[in-house]
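Structure at a glance
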Amino acid sequence: MAHYTPPLRDMQFVLHELLGVTEEFKALPAHAEVDADTVNAVLEEGGKFASEVLAPLNQRGDEEGCTLDRETHEVKTPTGFKDAYAKYVAGGWPALSCDPVFGGQGLPITVNQCIFEMLNSANQAWAMYPGLTHGAYECLHEHGTPEQQQTYLPKLTSGEWTGTMCLTEAHCGTDLGMLRSKAEPLPDGTYRITGNKIFISSGEHDMASNIVHLVLARLPEAPQGSKGISLFVVPKFLVNADGSLGARNPIFCGALEHKMGIHGNATAQINIDGAIGTLVGQPHKGLAAMFVMMNAARLGVGMQGLGLTEVAYQNAVSYAKDRIQMRSLSGPKAPDKPADPIIVHPDVRKMLLTARAYAEGGRALSIWTALMIDKELTSPDEDVKRDAADMVALVTPIVKAFLTDNAWIATSHCMQVYGGHGYIAEWGMEQFVRDSRINMIYEGTNTIQSLDLLGRKVLADNGAKLKKFGKIVQAFIEDEGTNEAMQEFVNPLAELGDKVTKLTTELGMKAFQNPDEVGAAAVDYLRVCGHLVFAYFWARMAKVALEKQGAGDPFYKAKLATARFYFAKLLPETASLIRTARAGAKPLMDIEEALF
Ligand SMILES: Cc1cc2nc3c(=O)[nH]c(=O)nc-3n(C[C@H](O)[C@H](O)[C@H](O)COP(=O)(O)OP(=O)(O)OC[C@H]3O[C@@H](n4cnc5c(N)ncnc54)[C@H](O)[C@@H]3O)c2cc1C
């Protein structure tokens, strides 16, 4: 069975030594009192919950999966999931970063982000139940009417009720403009919703007394396409005026999907047979409202990738130190044993260090992103708010796609470290590989993320957001210009920055001639930008490690070695990515469809 140790030391490094978050919080009145001791204590407790309560349920949850009672339409989650959720609620975890007005604890998103990394490492399938709930909370917090907020937010905050996002239908996933679910206005101001949704995560379960579905549907006479979609809140049980649960709403689970991974999460077909709902936001503006939830979920999926990268790495390292096979090419390293531990072999180290560099780089990026969200939401300074919002918009597709692509690579490498033992179920590694695959698909496939980055976030605003990030990078490069020890990090960072600028200009020009050029380059482009962001954070981490390594703490030695590995062995991937991005649409589009 796999083990998991919360990476508290590295989280504290990123939070306090790299980003100085508590200093940043001082400029945010809502969080000005949050000090390092509070942050560390919360993370320690969250880590205990993840490693002691959730991790032991992960493999069993995978084996058992969820079961649907076709008579009652109720779903039973795997053994232990319900109890773990009750403990999560009793511990106040759902309320951590929610608004105190609705019973939340008002802590920064930055702290919540770290908690979710750990929940995902321990048990991604379980973590999706509270993860989606938090997305529903954010959507209603921003777009709900005061009445909807009063009805739903306290219960979502406490975790008594959970949330879902019901977008996908059998004929429409990426292209939500084609969705068919209908909403008919009723005289009392509510709506009667009918339709069939598929693939709804946490869509039905036995962990909470009510499920708050956020459903996309069309009003009568709605315009065609994505401009005619509205958003509705449709609870499993209707809620009476006094807040108690009323009649069962006809929104039922018709079936559960059988799938590759995340077996402990109920992926439900949801049949909506005239269920009563209320409108969230403006008519026909449902997608804009839902985007609050989708953006939260995209960052959440990035955290799933990060969580799996970390846990796979931890297990692969233990195995590689323990498993003995063959001798080191440069002579025996454990002469007292019949063979050396496999960690002596260069390629095993390469696989381990790849996972480690992806985990630690991903952690720095995702905690920084969460800090930007805290600034966007709570800074009293409008310029700070706007800049932070721009950075969040720019990096959201990178967090989602780069971290989950990396997780797929990392979990696969870590499985390889185990040899054949990685492929069999006993050690838990193959589950991490299977669980990680969905993260590249849902919440907008990684291709869609790359189109969002290149098309909407970069080209559509003439590179303004990218330039803003470029200025942050440039300031760091200039600060380190005369620091000899930093040249090995700063020079490749500066070089890549220049190449990204040139590539962006070239792709922008080509896109004017032929829009397919964007589609042909976007996936490579996102990966190049992912590396630019990682190179920036790895250079900054190396700087801290260089300054502190003298104290003899092996943590800094390891950080520096991983930074050097990243720059030497992973960053050079950008050269081939830039070449393939520049190779353009022709080699893809020249071949006629009939010839496939
Ligand atoms: C386990 C699981 C859980 C899920 N949870 C939820 C949930 O909670 N709520 C929910 O609403 N949905 C959920 N989904 C649905 C998920 O978000 C969709 O499956 C996903 O967005 C892709 O849609 P699709 O499957 O219809 O694929 P399609 O949209 O049919 O795409 C097929 C392929 O075509 C590509 N493609 C499509 N359009 C373009 C384009 N313009 N340019 C380039 N390539 C393109 C895609 O990238 C993909 O590779 C879940 C799915 C799964 C499997």
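Below you will find a few notes about this structure. (Residues numbered from 1 in each chain as written. Predicted model: local features only at pLDDT ≥ 70, side-chain atom pairs only at ≥ 80, totals over all residues. Heavy atoms only, no water.)

1. Remarks on the packing of helix H14 (residues 487-513) against helix H16 (residues 554-570)
In the contact formed by H14 and H16, the axes pass within 11 Å of each other and the chain directions differ by 35°. H16 is crossed by H14, and the crossing has left-handed handedness. Between H14 and H16, the contacting residues are Glu488, Phe489 and Pro492 on the first element and Leu560, Ala563, Arg564 and Phe567 on the second. Each residue belonging to the contact of H14 with H16 can be placed in one class, and the counts come to five nonpolar, no polar and two charged. (Axes fitted to C-alpha atoms, helices over the stretch in contact; angles between N-to-C directions. Helix = DSSP H or I, 4+ residues; strand = E, 2+ residues; numbered from the N terminus. Left-handed = near helix turned anticlockwise from the far one by under 90°. Contact = heavy atoms within 4.5 Å. Nonpolar A, V, L, I, M, F, W, Y, C, P; charged D, E, K, R; others polar.)

2. With respect to the packing of helix H7 (residues 286-322) against helix H8 (residues 346-378)
It is the contact of H7 with H8, at a shortest axis distance of 9 Å, that shows an interaxial angle of 150°. By the angle between their directions, the pair H7 and H8 is classed as roughly antiparallel. For H7 against H8, the interelement crossing comes out left-handed. Residue-level inspection shows Leu299, Met303, Leu306, Thr309, Glu310, Tyr313, Ala316, Val317 and Ala320 of H7 in contact with H8, the latter providing Val348, Leu352, Ala355, Arg356, Tyr358, Ala359, Gly362, Arg363, Ser366, Thr369 and Ile373. Its residues assigned to classes, the contact of H7 with H8 comprises 13 nonpolar, four polar and three charged. (Parallel < 35°, antiparallel > 145°, perpendicular 65-115°, else oblique.)

3. Regarding the site of the ligand
Neighbouring the ligand are 19 residues, the closest being Thr168, Thr174, Phe199, Ser201 and Thr445. Within the contact set of the ligand, an oxygen atom lies 3.4 Å away from a backbone nitrogen or oxygen of Gly173. Side-chain polar atom of Thr445 to an oxygen atom of the ligand: 2.7 Å apart, as the coordinates give it. For the ligand, whose free accessible area comes to 980 Å², the fraction covered by protein is 63%. Broken down by secondary-structure element, the contributors of at least two residues to the shell around the ligand are strand S5 (191-201) and helix H12 (446-458). Partitioned by chemical class, the residues of the shell around the ligand number nine nonpolar, eight polar and two charged. (Near = heavy atom within 4 Å. Polar contact = N/O pair within 3.5 Å; in protein donor to acceptor, adjacent residues only side chain to side chain. Areas by Shrake-Rupley, 256 points an atom, 1.4 Å probe, with all protein chains shown as cover.)

4. A look at helix H15 (residues 516-548)
In a regular helix each residue adds 1.5 Å, so 33 residues correspond to 48 Å; H15 covers 49 Å between its end C-alpha atoms and thus fits that length. For H15, the principal kink sits at Ala522 and spans about 50°. Along H15, 26 of the 33 residues are buried, which leaves the element largely enclosed by surrounding structure. (Expected span 1.5 Å × (residues − 1). Bend = angle between axes of the 7 residues up to and from the residue. Buried < 20%, exposed > 50% of the residue type's maximum accessible area, 1.4 Å probe, protein only.)

5. Quick notes on a nonpolar patch on the surface
A cluster of nonpolar side chains, Ile591, Leu595 and Phe596, forms an exposed patch at the surface whose accessible area comes to about 380 Å². Looking at where Leu595 falls in the secondary structure, it is placed in the segment after helix H18 (586-589). (Patch = residues over 30% accessible without salt bridge, like charges linked within 9 Å, V, L, I, M, F, W, Y side chains within 5 Å. Salt bridge = Lys/Arg side-chain N within 4 Å of Asp/Glu carboxyl O.)

6. Details of the packing of aromatic side chains
Think of a pair of aromatic rings as described by two things: how far the centres are apart, and how the planes are tilted against each other in angle. Within this structure, the stated rule accounts for 23 aromatic pairs. With a centroid separation of 5.6 Å and an interplanar angle of 40°, the aromatic rings of Phe49 and Tyr88 are classed as tilted. Taken together, the residues Phe49 in helix H3 (residues 36-64) and Tyr88 in helix H4 (residues 81-90) connect sequence positions 39 residues apart. When its relative accessible area of 9% is taken as the criterion, Phe49 is described as buried. Seen in terms of ring centroids, Tyr85 and Trp126 are 6.2 Å apart; in terms of plane orientation they differ by 50°. Their pairing is tilted. Taken together, the residues Tyr85 in helix H4 and Trp126 in helix H5 (residues 109-143) connect sequence positions 41 residues apart. Like Trp126, Tyr85 is buried. Clustering of aromatic rings is evident, with ring pairs tying together Phe402, Phe489, Phe534, Trp538, Tyr566 and Phe567. In this arrangement the basic side chain of Arg9 is found over the ring face of Phe555, its NZ or CZ atom lying 4.1 Å from the centre. The ring of Phe237 carries the charged tip of Arg248 above its face, separated from the ring centre by 5.6 Å. (Phe/Tyr/Trp six-rings, centres within 6.5 Å; stacked < 30°, edge-to-face > 60°. Lys NZ or Arg CZ within 6 Å of the ring centre and 35° of its normal.)

7. Overview of the environment of Pro250
Structurally, Pro250 can be placed in the loop between strand S9 (245-248) and strand S10 (251-256). A sequence separation of 63 residues divides Pro250 from Tyr313, and the C-alpha atoms of the two residues are 45 Å apart. Those residues in contact with Pro250 that lie beyond four places of it in its chain are Asn271, Ile272, Asp273, Gly274 and Ala275.

8. Quick look at the pairing of strand S3 (residues 161-166)
Burial runs high along S3: six of the six residues are buried. Alternating positions in S3 separate into two faces, Trp161, Gly163 and Met165 on one and Thr162, Thr164 and Cys166 on the other, with burial throughout.

9. A word on the side chain of His134
Inspection of the secondary structure puts His134 in helix H5. Given the relative accessible area of 12%, His134 is considered buried. Ignoring anything within four residues of it in the chain, the contact list for His134 reads Ser97, Cys98 and Asn112.

10. Points about the pairing of strand S6 (residues 210-217)
Of all eight residues that make up S6, eight are buried, and the element is covered over most of its length. Across the two faces of S6 the burial is the same, with Asn210, Val212, Leu214 and Leu216 and Ile211, His213, Val215 and Ala217 all buried. In terms of strand pairing, S3 meets S6 through six bridges, oriented parallel. From the neighbouring strand, Thr164 faces S6, where its bridge partner is His213. Pairing geometry for S6 and strand S7 (residues 230-235), over six bridges, is antiparallel. (Pairing = 2+ DSSP bridges.)

11. Some points on the pattern of salt bridges
Enumeration according to the criterion identifies 35 salt bridges in this entry. Residues Arg9 and Glu17 are paired through a salt bridge, measuring 3.0 Å at the closest nitrogen-oxygen approach. On the accessibility criterion, Glu17 (22% relative accessible area) is partly exposed. The residue Glu430 makes a salt bridge to Arg434 at a minimum N-O spacing of 2.8 Å. Separated by four residues within a single helix, Glu430 and Arg434 lie in helix H11 (residues 429-437), roughly one turn from each other.

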